[in-house]
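# Coordinates in review
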Amino acid sequence: MDKKYLEEIEPGFSPLTIVEEASRCLLCLDAPCSKACPAGTNPDRFIRSVRFRNFKGAAEIVRENNALGAICARVCPTEKYCQKGCSRSGIDRPIDIGRIQRYITDFEENTKMKILASGKRNGKSVGIVGSGPAGLEAAYMLNKLGYDVTIYDKEKVAGGMLNFIPEYRLPNRVVVNEIKRLKDLGIKFELGVSVGVDLPLNELKSRHNAVILGVGYSYGKMLPAFEGNRNVILAVDLLKKIKARKGNVKLPENILVIGGGDVAMDVNTSLKLLDVNHVTDVVYEKFSEFKASKKELEGAQALGVTIIDGYVPEKVKGKTVTFKHREIDATIKVKADKIILAVGQRPDVTGLGVELVKGEVNEGTPYVTKDPKVFVAGDIANSKYDKTVVGSVRTGKEVALKVDEAIRSGRAK
Amino acid sequence: MINKDLSITFLGVKFPNPFCLSSSPVGNCYDMCKKAYQVGWGGVVFKTIGPKSYFIDEVSPRFDKLNKENTPFVGFKNMEQIAEHTLEENLRDLRKLKEEFPNQVLIASIMGNDEQTWEDLARMVTEAGADMIEMNLSCPQMTSHAMGSDVGTNPELCKKYCQAVKRGSSLPMMAKMTPNITDMVPVALACLEGGADGIAAINTIKSICNIDLDKKIGLPIVDGKSSISGYSGKAVKPVALRFIQQMRQDKRLKDVQISGIGGIETWEDAAEFILVGSRTLQVTTAIMQYGYRIVEDLKNGLMHYMEEQHVEHLEELVGLANKNIIPAENLNRDYIVRPEFDLDACVHCGRCYISCYDGGHQAIVWDEVNRTPSVNKDKCVGCLLCGHVCPVSAISKGEITIKPGRKQDPKKIRL
Ligand SMILES: Cc1cc2nc3c(=O)[nH]c(=O)nc-3n(C[C@H](O)[C@H](O)[C@H](O)COP(=O)(O)OP(=O)(O)OC[C@H]3O[C@@H](n4cnc5c(N)ncnc54)[C@H](O)[C@@H]3O)c2cc1C
Ligand SMILES: Cc1cc2nc3c(=O)[nH]c(=O)nc-3n(C[C@H](O)[C@H](O)[C@H](O)COP(=O)(O)O)c2cc1C
Ligand code: SF4
Ligand code: SF4
Ligand code: SF4
């Protein structure tokens, strides 16, 4: 196997280039970058610390605001958030905030800084279902507020979808380190237990003063026409397998991908980095309406993925899929060794006592459910934040405050 | 976030942290000083207050800056004199500040034009509630030769005025030195003899920053003319450190308490001033460029440095470098250390070759095929100019050679 998949595709800054990049920052008044960070990490503040050569202080600012700071540094769609309104764009291009944050958190890791600290214990406890970004951030916040926290996950490895994001974008060691920092605070993990299936929710409620459901969109979506087809693999299942096996997965020569979001691009790029010869991606959306970020799309194309836009799958027979153009009279037929479906993810809340409306728990007020002891966060919460890592981090922060308030006021016991 | 005690006692006054505004427009009025205290500065040296009789009349514009490549504000030139507000306004502001911020230090900077005015000003600022007095003996662009650096280069006058201030006030007092002098020691000694309790150094350096090439006038242009005036900012740090070191090196001044000033921007600059013997630190230019907020990283960075150095009190760091800066004639001249190239880091630009050829000793051999440097040991004198120009720090100190006929153990040499 080629080691390209295992190497971060974007090079990090060096001690020289980090200073150059930080020097480009205009050190704005009421900095637009900070107003746009969903996690509330003030980029203007940590860039200023870098500018004034206070790397340790910069690390404190990132870390205390975001227990997943090193992850967000790599996977945040910064062009939608902090970098979007960057004043520097008025001169040339925005500051590369994600990469500055990455340098800072790498510095933190390399110098073995211990920044996070637990709060004074208050004798109360909270159980969290799901070890994705929302669960992890909520756990950090509640630990800081004095609660004993246990995170339950049906998987044997903590991290939720972070274990699906390909190695070249998010190295596993980064996720492991972030989780270790939380374990060092005394946050407990019970892995390999599916709540609602192996362990009844009521049991969890009796163990803890409150329960947070952060179960995410853990399953890939299937399309009816592909049901039961042995050649079909769901994108998230494939990505998870490739990452868990560090790229050591046997792949055929010719693969068809269906889907045009970021997950599809992750599949495309991963396959190419693993030297799959023919990767053909057929997408419902036209390029002008593409869902995937421009950067990921261009990255996949640069690696030689064939991307065909505007086509819908019409007929499936074994390894052959026939697509029709959405508007003009055109048909294409693709025969491949494997078919990867990247058409979205779905949640499953069986046994968790909540109902989903459009994939979200929606009780009018964010993060609450009908049960005063049970709360929700992350992708399944109805919040104003995007279904991204950083959006989930924000919901994790907010749900922690909600839980704290409910326990203090006696509404959750 | 790290939290360490940064407090330090200077001239008997306890500062919550060593960082102060230096006397200049950054501490020009009540609102400014209030904001500075709130952001976390440990002390304020209020803009120099002059005698009522001295009419302040400033020019416009009044600043210029030196750039190098993409870096503005390498140095900063100003044409300002002392406070433009009236004496009454200044005294009122001092009073209000002390009332509202009793735990942060308020220092009044004063400048008289004869013994009587020095004494009167000292008395007035003391009555207004200042914790300490700084005598401005050093502004280089006063319109009167009885004031500013013309006074500060004359030990006799300095002593006389210090005595006058001490007659007017029993507050702790520091005399602020001008660097426009070859040796600061005689002036500092004269001030201490006159009753000064400590020294502040440095004020600005007389300068011409730039000349307009079309108009043939120095900048800034004031109705077709310009003047020599004070230079500050990062570029003056080396000069300030040198003067402070020279004072601390003198036996008579070795324990003198110093407030360090000149080009402080980062916690690293601050630490350097402390290591050469400063107990408090004052800043102007970096605040003019970036704002009071820089104190956040100054304080936090200094706390981390203390942590790394395993130091609980800032005081323990004061002057630690003094003994390691010695006269040039006492340095070990028995060895040569030659450069070592890290060819994995090298980006093959050839800058080391150019500088060694044109500014060194033609000792770098350039492999034209691989575009890679190596050193010719016979020619290399070990000046390490190459290391300073390398853009990726790929050149470090390598092998040590003892000069012929000298007896030294290369292993004992501390690089
Ligand atoms: C391939 C891929 C790439 C992505 N790339 C990015 C990106 O670059 N940037 C970005 O911001 N976002 C990205 N996302 C989206 C992001 O990962 C999600 O928005 C985020 O992880 C949601 O967090 P969460 O905490 O809500 O849930 P998840 O991360 O989905 O975690 C939920 C956890 O709950 C567990 N769980 C579910 N049910 C149960 C149960 N009954 N009992 C116990 N445990 C249970 C699951 O096993 C899982 O570990 C990507 C997603 C995918 C799939
Ligand atoms: C615009 C300006 C005005 C100044 N005015 C005064 C003054 O009134 N009194 C004084 O003692 N020093 C004055 N200074 C000197 C500063 O206090 C300080 O000693 C000098 O600028 C070096 O520090 P820096 O490099 O941090 O600016 C002034 C400096 C500047 C730039
Ligand atoms: S908006 Fe851009 S230029 Fe302004 S502070 Fe933020 S990163 Fe710097
Ligand atoms: S140390 Fe000086 S002489 Fe030797 S190679 Fe470098 S620049 Fe040339
Ligand atoms: S200056 Fe540095 S990077 Fe350039 S050739 Fe010399 S060693 Fe290599």
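Right above here is the structure, for reference.
About the thresholds
Residues numbered from 1 in each chain as written. Chains lettered and ligands numbered in written order. Predicted model: local features only at pLDDT ≥ 70, side-chain atom pairs only at ≥ 80, totals over all residues. Heavy atoms only, no water. Contact = heavy atoms within 4.5 Å. Buried area = accessible area lost by both parts, 1.4 Å probe. Salt bridge = Lys/Arg side-chain N within 4 Å of Asp/Glu carboxyl O. Polar contact = N/O pair within 3.5 Å; in protein donor to acceptor, adjacent residues only side chain to side chain. Helix = DSSP H or I, 4+ residues; strand = E, 2+ residues; numbered from the N terminus. Pairing = 2+ DSSP bridges. Axes fitted to C-alpha atoms, helices over the stretch in contact; angles between N-to-C directions. Parallel < 35°, antiparallel > 145°, perpendicular 65-115°, else oblique. Left-handed = near helix turned anticlockwise from the far one by under 90°. Nonpolar A, V, L, I, M, F, W, Y, C, P; charged D, E, K, R; others polar.

Another point: the interface of chain B and chain A. Of the residues lining the interface, 16 residues belong to chain B; the matching set on chain A comes to 16 residues. Counting the surface lost from both chain B and chain A, the interface buries some 1500 Å², and carbon and sulfur atoms represent 44% of this. Area buried by chain B at its contact with chain A is led by Met1(B), Arg293(B) and Asp297(B), which between them contribute 40% of it. Linking Glu296(B) and Arg45(A) is a salt bridge whose minimum nitrogen-to-oxygen distance equals 2.9 Å. Summed over the shared surface of chain B and chain A, the result is 15 residue pairs in polar contact (both at pLDDT 80 or more). Elements with a contribution of two residues or more to the side of chain B that touches chain A: α8 (267–275) and α10 (294–308) of chain B. It is α10(B) that contributes the most residues to the side of chain B that touches chain A, seven residues altogether.

This part is about the sheet that holds strand β6 (residues 71–78) of chain B. All names here are of chain B. Spatial ordering of the open sheet is given by β5-β6-β14-β11, a layout of four strands whose pairing is antiparallel. With one partner strand each, in any of the chains shown, β5 (63–68) and β11 (205–207) form the two edges of the open sheet. Pairs of neighbouring strands in the sheet enclose a mean axial angle of 45°, with direction left out of account. Summarising the sheet, β11 and strand β14 (residues 229–232) pair through three bridges and their orientation is antiparallel. Looking across to β14, one finds that Ser207 is bridged to Ser229.

Here the focus is the packing of helix α1 (residues 30–39) of chain B against helix α2 (residues 87–100) of chain B. Residue and element names in this part refer to chain B. Axis separation between α1 and α2 bottoms out at 9 Å; the angle between their running directions is 25°. Relative to α2, the element α1 lies roughly parallel. Between α1 and α2 lies a crossing whose hand is right-handed. Contact with α1, carried on its side by Tyr30, Cys33, Lys34 and Tyr37, involves Asp93, Lys96, Leu97 and Glu100 of α2 and no other residues of that element. In the contact of α1 with α2, the residues fall into four nonpolar, no polar and four charged.

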